[in-house]
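Below are the chains, spelled out letter by letter.
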Amino acid sequence: NAGVTQTPKFQVLKTGQSMTLQCAQDMNHEYMSWYRQDPGMGLRLIHYSVGAGITDQGEVPNGYNVSRSTTEDFPLRLLSAAPSQTSVYFCASSYSGGDNQPQHFGDGTRLSIL
Amino acid sequence: GNSVTQMEGPVTLSEEAFLTINCTYTATGYPSLFWYVQYPGEGLQLLLKATKADDKGSNKGFEATYRKETTSFHLEKGSVQVSDSAVYFCALSDRGSNYQLIWGAGTKLIIKP
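In this text the structure is predicted, and so the values were computed from the model without any measurement.

Peer 1: Help me understand the interface of chain B and chain A, please; the structure alone is not making it clear to me.
Peer 2: The figure often quoted for interface size is the accessible area lost as the parts come together. Contacts between the two partners involve 22 residues from chain B, matched on the other side by 20 residues from chain A. Between chain B and chain A the total buried area reaches about 1700 Å² when both faces are included, carbon and sulfur atoms providing 53% of it. Connecting chain B to chain A are zero salt bridges. On inspection of chain B and its partner chain A, the count reaches two residue pairs in polar contact (both at pLDDT 80 or more). If you list the elements that add at least two residues to the side of chain B that touches chain A, you get β5 (32-38), β6 (44-50) and β10 (86-93) of chain B. For the side of chain B that touches chain A, the leading source of residues is β5(B), giving four residues.

Peer 1: How should I be thinking about the packing of aromatic side chains in this particular structure?
Peer 2: Aromatic ring pairs are described here by two measures, namely the spacing of the ring centres and the angle between the planes. If you walk through the whole model with that rule in mind, you get eleven aromatic pairs over all chains. A ring pair is formed by B:F34 and B:Y36, whose centres lie 6.2 Å apart and whose planes are at 40°; its orientation type is tilted. On the basis of relative accessible area, B:F34 is assigned to the buried category, the value being 1%. Note on B:Y36: relative accessible area 0%, which makes it buried. Centre to centre, the rings of B:F62 and B:Y88 are 5.6 Å apart; their planes meet at 40°, and the pair counts as tilted. With B:F62 in strand β8 (residues 62-65) and B:Y88 in strand β10, this pair connects stretches of sequence that are 26 residues apart. Taken individually, B:F62 and B:Y88 each receive the classification buried, so the pair is uniform in this respect. Among the aromatic residues, those joined into a ring-pair cluster are A:Y35, A:F90, A:F105, B:F34, B:Y36, B:F89 and B:W103. A cation over an aromatic ring shows up here: A:R68 above the ring of A:F74, its NZ or CZ 6.0 Å from the ring centre.

Peer 1: In this structure, what is going on with the sheet that holds strand β1 (residues 4-7) of chain A? I would like to understand it.
Peer 2: Picture the strands of a sheet paired through backbone hydrogen bonds; they go either parallel or antiparallel. Residue and element names in this part refer to chain A. Spatially, the four strands line up as an open sheet ordered β1-β3-β8-β7, and their pairing is antiparallel. Across the chains shown, the open sheet's two edge strands, defined by having one partner strand only, are β1 and β7 (64-66). The sheet shows a mean angle of 20° between the axes of neighbouring strands, direction not considered. The pairing of β1 with strand β3 (residues 19-25) spans four bridges and is antiparallel. Its bridge partner lying in β3, T7 is registered against Q22.

Rules used in this analysis
Residues numbered from 1 in each chain as written. Chains lettered and ligands numbered in written order. Predicted model: local features only at pLDDT ≥ 70, side-chain atom pairs only at ≥ 80, totals over all residues. Heavy atoms only, no water. Contact = heavy atoms within 4.5 Å. Buried area = accessible area lost by both parts, 1.4 Å probe. Salt bridge = Lys/Arg side-chain N within 4 Å of Asp/Glu carboxyl O. Polar contact = N/O pair within 3.5 Å; in protein donor to acceptor, adjacent residues only side chain to side chain. Helix = DSSP H or I, 4+ residues; strand = E, 2+ residues; numbered from the N terminus. Phe/Tyr/Trp six-rings, centres within 6.5 Å; stacked < 30°, edge-to-face > 60°. Buried < 20%, exposed > 50% of the residue type's maximum accessible area, 1.4 Å probe, protein only. Lys NZ or Arg CZ within 6 Å of the ring centre and 35° of its normal. Pairing = 2+ DSSP bridges. Axes fitted to C-alpha atoms, helices over the stretch in contact; angles between N-to-C directions.

Next comes the structure, spelled out in structure tokens:
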């Protein structure tokens, strides 16, 4: 049972480069989210999706794009990387909306922008 | 708007000590409350939750009670172990946040043998 799988686990980029962080879940969850985790700040929501074809912005969406063409996959794109995007990125999924649905997290992608 | 405030860390305790990590919240509605744990190098895992006032969530010896009158959800454990060393996050979810989780900053717990 794979759960939420994130790739890559580590990545170093140069300023201005682009890349895509991959996220896949095999639990048939409708809700998927991307967070970034910075020291002393907890998790901040970047983008989220309530189902295939539907995405919305979170607290810190600037510099990131997402799409949701299938239920399973929710990639996060950095179009032009900046040092301020150095962070640990977590993808999460949950079965549905509602206030008692726990989120399942991937192991994270540690991204450094030089 | 909704928010969660946790006590700052790190919290350093000796093995078998009693643990309390404070969490208070602000919410416009009636939120559900969660504690997540992040072990070194791993993603977050749900530790426990409570969905209405006076509910007590419990798991792995940890407990937290949903106190609406004090808007608190403090995490407690009677006797901590070295393996409990991790970062603990308090979070809430309700209709006002479109059921997205609102997170505290996290509290790092260090248990010394």
